[in-house]
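Here is how the chains run, residue by residue.
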Amino acid sequence: MKTIGVLTSGGDAPGMNAAVRSIVRTAASMGMTVKGIKRGYNGLIENNIVDLDIRSVSDIIQRGGTVLYTARCLRFTTEEGMQEAIKNCKVNGIEGLVVIGGDGSFRGARDLSLRGIPCIGIPGTIDNDIPSTEYTIGFDTAMNTVVELVDKLRDTACSHERCSVVEVMGHGAGDIALQSGLAVGATAIIVPEIGFDLQNVIDKILETKKNGRNHFIIVVSEGLCDATQLARQLQESTGIETRATILGHIQRGGNPTLRDRVVASKMGYAAVELLSKGVGNRVIGLKDNKIVDYDIFEALNMVKSFDQETYRLANTISI
Ligand code: ATP
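## A closer look at the overall build of the protein
Okay, so step 1: Looking only at helices and strands, the protein features 11 helices and 11 strands.
Okay, so step 2: Relative to the 2.2 N^0.38 estimate, which gives 20 Å for 319 residues, the radius of gyration of the protein is 22 Å and therefore close to what a compact globule would have.
Okay, so step 3: Expressed as lengths along the three principal axes of its C-alpha atoms, the size of the protein is roughly 70 × 35 × 35 Å.
Okay, so step 4: Scored against the burial criterion, the 319 residues of the protein give a buried share of 54%.
Okay, so step 5: Considering only contacts within the protein whose residues lie at least 6 apart along the sequence, 75% involve residues at least 24 apart.
Okay, so step 6: Of the charged side chains in the protein, 34 are positive and 37 negative, and the gap between their average positions amounts to 4 Å.

If you want it as structure tokens, here you go:
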């Protein structure tokens, strides 16, 4: 393979740039050139493609977001869009493609692989919601952002002896809520894998109040309940002044942490190594902290497991 392409797709995540940098430089070290495709699969369809050389990815390893931009692309899910993308791959000499994104982006990569363009997926999303990997690029940065922000909320919750309900992202996965909830010493962590039980949360607050606690942090994964309404219900039931904060997209930004830069660099390297051998239709993942790869069909059929042990631990020590 002489020329490969790279694109970022789905939601942005800190560390995507570090992956792009690694892909470009690994490819250069193997004598391949890299084309950067802008705005996800849109760039393939619209022929929005630029050359990336080793210096064009200078000074991006530390930057959040994605220099290639990212977007959803409905047209790519149609045969017509797919054929246009294949045509532009041929026009640009792109023989293989690295797709950095989530499960949806991997489906696109699978479809393109089936039509003769070998693709490798790299998991890039803050939510850690991809079953085929224990870690996705951006997760560590997002969790650290949540911890930094909730620590600030805790200062004021403590001073005013309040309860603070904090809604975090997760896209159907409770990983951000669980890990950051443990790290901020949350009184209760509400995640989709366990489900939402209002009475349990009320009981936990009242029980810890009895133990002498004067302020409370409740971390809730997005999509499970209305955080503002939950705050109102908790205030009514416990008599403790309760405020809601929805952290929102602030969790997506910021400079990637060391972990995200390192994992992204390793995954980028592994993706190019596979393409250099002519291997496609694979996704990169992390298993037991080691880089692995799976067939995309197999990866898309995997079921995500939830870290029950950490959930129990967080619950046990939040007394
Ligand atoms: P995130 O988890 O951050 O949302 P994602 O990769 O899962 O990331 P999606 O919006 O699901 O995000 O998918 C990104 C893009 O991948 C879509 O806009 C579309 O272009 C492409 N895609 C998704 N599903 C398919 C599919 N079944 N076939 C072909 N392409 C797809």
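On we go.
## Comments concerning the pairing of strand 1 (residues 3-8)
Okay, so step 1: Taking burial as the measure, the 6 residues of strand 1 include 6 buried ones, the bulk of the element.
Okay, so step 2: Burial along strand 1 is two-sided: Thr3, Gly5 and Leu7 and Ile4, Val6 and Thr8, pointing in opposite directions, are all buried.
Okay, so step 3: Pairing analysis gives 4 bridges linking strand 1 to strand 2 (residues 33-37), with the strands arranged parallel. For Val6, the partnering residue across the bridge sits in strand 2 and is Gly36.
Okay, so step 4: Note that strand 1 and strand 4 (residues 96-101) share 5 bridges and pair parallel. Looking across to strand 4, one finds that Ile4 is bridged to Gly96.

## Here's the deal with helix 7 (residues 198-210)
Along an α-helix, residues three or four apart share an orientation, since each turn contains 3.6 residues.
Okay, so step 1: For helix 7, with 13 residues, the first-to-last C-alpha span of 19 Å sits near the 18 Å given by 1.5 Å per residue.
Okay, so step 2: Looking at helix 7, one finds that the buried residues are Val201, Ile202, Lys204, Ile205 and Thr208. Projected onto a plane normal to the axis of helix 7, the buried residues spread over an arc of 160° and lie on a single side.
Okay, so step 3: Buried residues in helix 7 make contact with strand 6 (163-168), strand 7 (188-190), strand 8 (216-221), helix 8 (227-238) and helix 11 (308-317).
Okay, so step 4: For helix 7, the capping residue at the N-terminal end is Asp197, with a side-chain oxygen 3.1 Å from the backbone nitrogen of Gln199.
Okay, so step 5: In the segment just after helix 7, Gly212 is the residue with positive phi, at about 105°.

Rules behind the numbers
Residues numbered from 1 in each chain as written. Predicted model: local features only at pLDDT ≥ 70, side-chain atom pairs only at ≥ 80, totals over all residues. Heavy atoms only, no water. Helix = DSSP H or I, 4+ residues; strand = E, 2+ residues; numbered from the N terminus. Rg over C-alpha atoms; globule rule 2.2 N^0.38 Å. Buried < 20%, exposed > 50% of the residue type's maximum accessible area, 1.4 Å probe, protein only. Contact = heavy atoms within 4.5 Å. Lys, Arg positive; Asp, Glu negative; His and termini not counted. Charge placed at Lys NZ, Arg CZ, Asp CG, Glu CD. Pairing = 2+ DSSP bridges. Expected span 1.5 Å × (residues − 1). Arc of directions from axis to C-beta. Polar contact = N/O pair within 3.5 Å; in protein donor to acceptor, adjacent residues only side chain to side chain.

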